[in-house]
Amino acid sequence: MSVVEKVSDQVDQDPAVSAVVVRFAGDSGDGMQLTGSNFTEATALHGNDLATFPDFPAEIRAPAGATFGVSAFQIYFGSDEVTTAGDDVDVLVAMNPAALITNLKDLLPGGLIIADADAFTDKNLVRAGYQSNPLEDGSLDGFRVIIIEITKQVIASVEPYGLSHKFAVRCKNMWTLGLVMWLFDRDRSVTIANLEKKFASKPEIAQANIAALNAGHSYAETAELPSGVEVYRIPRAEVAPGLYRNATGTESLAYGLIAGGRLAEVPLTFASYPITPASSLLHTLAQHKEFDVVTFQAEDEIAAVCAAIGASFGGTLGITSSSGPGISLKGEAISLACATELPLVIVNTQRGGPSTGMPTKTEQSDLNQALFGRHADTTLPVIASSTPADCFDVAIESVRLATQFSTPVLLLSDGYLANASEPWLVPDLTQFEPFPVKFETEVEGFSPANRDPETLARVWAKPGTPGLEHRIGGIEKSYTTGDISYDPDNHQKMTDVRKAKIDNIENFIPEQTVSQGTTTGKLALVGWGSTFGAIHQAVRRGRAQGQDVSHIHIRYLLPFPKNLGELLAGFDEILVPEMNTGQLVNVLRSQFLIDAKQLNKVSGQPFKIREITEAITTLLGESA
Amino acid sequence: MNAPQKLTLKDFSTDQEVRWCPGCGDYAILKTIQKLMPEIDTPKENTVFVSGIGCSSRFPYYMETYGFHTIHGRAPSIATGVKLANPELDVWVVTGDGDGLSIGGNHMMHVLRRNVDLQILLFNNEIYGLTKGQYSPTSKVGTKSPSTPDGSVDMPLRPARFALGAGARFVARTIDTEAKHMTPVLKRAHAHKGASFVEIYQNCPVYNDGIFDYIKDKKSAADTRLLLEHGAPLLFGQDQQKGLRLNLKSLQLEVVTLGEDGVTLDDIVVHDETNLVLAQMLAGLSTPEFPEAIGVLYCQASESYEHSVYEQIKTVRAKKGIADFNEVLKQGHTWTVS
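Residues numbered from 1 in each chain as written. Chains lettered and ligands numbered in written order. Predicted model: local features only at pLDDT ≥ 70, side-chain atom pairs only at ≥ 80, totals over all residues.

Caption draft 1: Broad picture of the overall build of chain A. Tallying secondary structure elements over chain A gives 20 helices and 21 strands in all. Taken over the C-alpha trace, chain A has a radius of gyration of 27 Å; the compact-globule value for 624 residues is 25 Å, and the two agree within 12%. For chain A, the spread of C-alpha atoms along the principal axes amounts to about 85 × 65 × 45 Å. A burial count over chain A gives 56% of its 624 residues as buried. Taking as baseline every contact in chain A between residues at least 6 positions apart, the subset at least 24 positions apart corresponds to 76%. (Helix = DSSP H or I, 4+ residues; strand = E, 2+ residues; numbered from the N terminus. Rg over C-alpha atoms; globule rule 2.2 N^0.38 Å. Buried ≥ 20, exposed ≤ 12 C-beta atoms within 10 Å, placed from the backbone. Contact = placed C-beta atoms within 7 Å.)

Caption draft 2: Geometry of the sheet that holds strand β12 (residues 334–337) of chain B. Spatially, three strands are ordered β15(A)-β8(A)-β12(B) in an open sheet, and the strand pairing comes out antiparallel. Strands at the two margins of the open sheet, each flanked by one partner only, are β15 (421–425) of chain A together with β12 of chain B. When the angles between neighbouring strand axes are averaged without regard to direction, this sheet yields 35 degrees. Pairing between strand β8 (residues 242–248) of chain A and β15 of chain A: five bridges, direction antiparallel. Bridging from a neighbouring strand, Arg245 of chain A pairs with Trp424 of chain A of β15 of chain A. (Pairing = 2+ DSSP bridges. Axes fitted to C-alpha atoms, helices over the stretch in contact; angles between N-to-C directions.)

Caption draft 3: Focus on the sheet that holds strand β18 (residues 549–553) of chain A. All names here are of chain A. Across the sheet, four strands lie side by side as β18-β17-β20-β21; this open sheet has parallel pairing. Two strands in the sheet have a free side with no partner beyond their single neighbour: β18 and β21 (597–600). Pairwise comparison of adjacent strand axes, ignoring direction, gives a mean angle of 25 degrees for this sheet. Where strand β20 (residues 571–578) lies against β21, four bridges are found, and the strand directions are parallel. Residue Glu578 lies in a different strand from β21, and its bridge partner there is Asn600. Each of β17 (521–527), β18 and β20 touches helix α17 (residues 532–544); the most contacted strand, β18, lies at about 160 degrees to it. Taken strand by strand, helix α19 (residues 583–592) contacts β17, β20 and β21, and its axis lies near 145 degrees from that of β20.

Caption draft 4: Broad picture of helix α1 (residues 32–46) of chain A. Residue and element names in this part refer to chain A. Spanning 15 residues, α1 covers 21 Å between terminal C-alpha atoms, matching the ideal 21 Å at 1.5 Å per step. Where α1 is concerned, the buried positions are Met32, Thr35, Gly36, Asn38, Phe39, Thr40, Glu41, Ala42, Thr43 and Ala44. Immediately beyond the C-terminal end of α1, within one or two residues, lies Gly47, with a positive phi of roughly 100 degrees. (Expected span 1.5 Å × (residues − 1).)

Caption draft 5: Representation of the interface of chain A and chain B. Tallying the contact residues gives 59 residues for chain A and 48 residues for chain B. Of all elements in the fold, only α1, β8, α9 (249–264), β9 (268–272), β10 (293–297), α11 (301–313), α12 (324–340) and β16 (471–473) of chain A reach the threshold of two or more residues within the side of chain A that touches chain B. Of all the elements, α11 of chain A adds the most residues to the side of chain A that touches chain B, at nine residues. For the side of chain A that touches chain B, a count of residues per class yields 33 nonpolar, 14 polar and twelve charged. (Nonpolar A, V, L, I, M, F, W, Y, C, P; charged D, E, K, R; others polar.)

Caption draft 6: Highlighting the packing of α9 of chain A against helix α10 (residues 279–286) of chain A. Residues and elements named next belong to chain A. Direction vectors running N to C along α9 and α10 enclose 50 degrees, while the axes themselves pass 9 Å from each other. Taken together, the axes of α9 and α10 are oblique relative to one another. Note on packing geometry: the crossing formed by α9 with α10 is right-handed. For the pair α9 and α10, the contacting residues are Thr250, Glu251, Leu253 and Ala254 in the first and Ser280, Leu281, Thr284 and Leu285 in the second. Residues of the contact of α9 with α10, tallied by class, amount to four nonpolar, three polar and one charged. (Parallel < 35°, antiparallel > 145°, perpendicular 65-115°, else oblique. Left-handed = near helix turned anticlockwise from the far one by under 90°.)

Caption draft 7: Fine view of α11 of chain A. All names here are of chain A. Taking 1.5 Å as the rise per residue, α11 with 13 residues should run 18 Å; its terminal C-alpha atoms sit 19 Å apart, in good agreement. Burial within α11 is extensive, with 13 of its 13 residues counted as buried. Just downstream of α11 lies Gly315, where phi reads positive at about 110 degrees.

Caption draft 8: Geometry of the pairing of strand β14 (residues 408–414) of chain A. Residues and elements named next belong to chain A. Buried residues dominate β14, accounting for seven of its seven residues. With burial as the criterion, each face of β14 is covered, one bearing Pro408, Leu410, Leu412 and Asp414 and the other bearing Val409, Leu411 and Ser413. Relative to β14, strand β12 (residues 344–350) is paired through seven bridges, and the arrangement is parallel. Bridging from a neighbouring strand, Gln350 pairs with Asp414 of β14. One ladder, built from three bridges, connects strand β13 (residues 382–384) with β14; its direction is parallel. Paired with Val382 across the strands is Leu410, a residue of β14. After leaving β13, the chain enters helix α14 (residues 390–404) and then returns to the sheet as β14, a path that is right-handed. (Right-handed = clockwise from strand over helix to strand, strands pointing away.)

Caption draft 9: Just the environment of Asn586 of chain A, in detail. Residue and element names in this part refer to chain A. Looking at the secondary structure, you find Asn586 in helix α19. Taking the C-beta count within 10 Å as the criterion, Asn586 has 15 such neighbours and is therefore assigned partly exposed. Residues Asn586 and Glu204 lie 382 residues apart in sequence; the distance between their C-alpha atoms is 59 Å.

Right, dumping it as structure tokens:
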């Protein structure tokens, strides 16, 4: 058994550790996501604030040892407020050479590597592109390295359960998790319960995994680790009191849609077609049929949006969901929903593009599509969620806008939000203001063209209502009767009223606030969507160092809050960080005629705090 | 709801000016359906007509029911959504050969295999009318059109065959101007639970005039038309002297004449609506070698899609009990920060 620890002389460990980034990396078949999610749960129960970032390949099972098959799960946790999954990695668990070579660049100097020596075979080294074994050639001298023959340890620990070699080796991830849990003083009981539940029908597999978990923990504990590797103890974070649970963006978005349906007092019909990374929303809602949700897996994206539109016509709220390429396919039908002024929610969980692009990676490059990506003048509300927990509120808001203004609403999420998790203060639905739908029943004076004078919403009269039989369709309609009309003045009027209805929403949404900082000043960072965490931390660090920088994060992208222009005008400089080539920044420039600066990253990875900090310093330095 | 009063054709006519070309077969179909509606025991307010794009798809504007004129090819999907939202609604889909089988072919296939409880009326005029006369997926080889000035070269498909191939459990064929035939066929389609597919041979007097004369013309109809009746032998021709026999060597239907070569009534295949293999053979018959089958080709009772969806929801509800959504939010591993 070999345990080797190498610590570089020039690296000082900060004794007051308040936050740590751990990344588990291995083959896509090594169970890294499961390892990460169990560690996350234990960490949340420990009382740390946290954020996670699962990063997995598009290949379901890439060839073992291949660099393109490396699956990673990163968690950032600490005693302080945590809003991103962290920039640099403190602890890297590398299950094979491919995992090491692809993740080493993110490891901090002096960071800790835990490597499975048994996986560093000649074959795996060649496959990863190593000329020599990094565990032996001194190339890792700048890091602290713990080399353990994990596979051998695991096989020994699960021996009593009579598993085949293949199944025994699969317990490797739990052994490693046990070791890391000891490092951070985490409680294993939740993981044990999870394993018992997951393998309820195969108790010997459950017991073997638990044995591996405990063995990894004992291994670390019983002094087989060399001195210098101490137990990290992360103090509890200070967070608002209340009941918490972990939630991914997908979960809170699904719950938000259900909550929205209940507040609107209208059943939901969710029609979708599988696409990464949006499918999990369909999966989650399909598990909650008891809450007036009908889910429908359609034959394609077009059928999905059309079924949702049909469902809205039929008297429920139709919702469809996809990622960028699928939203493209839905475009024609979304315009039909605009023309017929039916409520509809469209969720876009954005991914790296164009085309198939990078399905499992994150990007914010569908804002232009959301704002402009349809034929003709089809303006519709666009809103974006900024954190996993925020997905809940934004989902409710999408239902409110769709049902109150008889319009399709585009909700932008992204791959990072969908998969990332954070502690979520469990909401109490009774504290939310209901917004019940009023279906038309009055026959006297009924016309399908009738509008609410205040919201300009078209009347919602559902089939089955006696006396309100009427026809709607994609052909232009008379403003007064709803009948087909090719009258030039009428088309002008209808185009105007459809736009006015959406513009008018600015009177029914909150004014834009500054999420951190002041309402005027030298520099405002203006973001939208999942860049919230990175911008927030960067601004916090900047302000702590005395920089005059504030953070404005826009939820309502169309229409903008009505005070946004005035608010932006109060800053000398505007910087817009986006994970695209500059989509929001162009809208702000054209709408408010301001010289907004841009900061863009399109690598499939979220912003690092440092990248934004550097941009702030550059700008303030220049303008000082 | 008020006590049902006797409605008439007029109650199902809107005040909209009908805008099909003079002589269009769609007029006859519209009239037949408006007349049929009062005879169907569905409250008017529960009736919904959904269409796509094309000449036939203007249909909902002329029906005094709920109606949705949607986009090209997507009527089956929109109608599926309507049924999922409210299974009590009686939903009719009106489509054409281009709308339903070209741009919307995929949705047609899936709505049929899923067996959503809809009446799907496919007006087949073997041409694109609204876009001014291009050939369609049902146009015969050699059809000259603006887009095929030298004649089309690709094989057409037969809508009834397509429907059977997609797993439809009710497939019928009828003719635009023959209300006496169409009315009972549509009643059967309406009574069937699940997707009922009715192909209607429809004349386009402007771009494909007379395409169905061979089967509509009284003189030729006896030899070109095989009128189907469940349990009756497949006979046709003047005096019903010709019939269809199964050739056991080729496993194909063949035309025989009663009294010739020892052929008797016992040799003639008896129509069985529940026999899928027979229905597929009948759907493929074409003139001039064969008469074309008119009537109900196939009818097999089964559960509709939306019925099964709601049954499943009922089961889930019964299993989970009446759940409090606020409690669901608190599920999973939670912790309290004080």
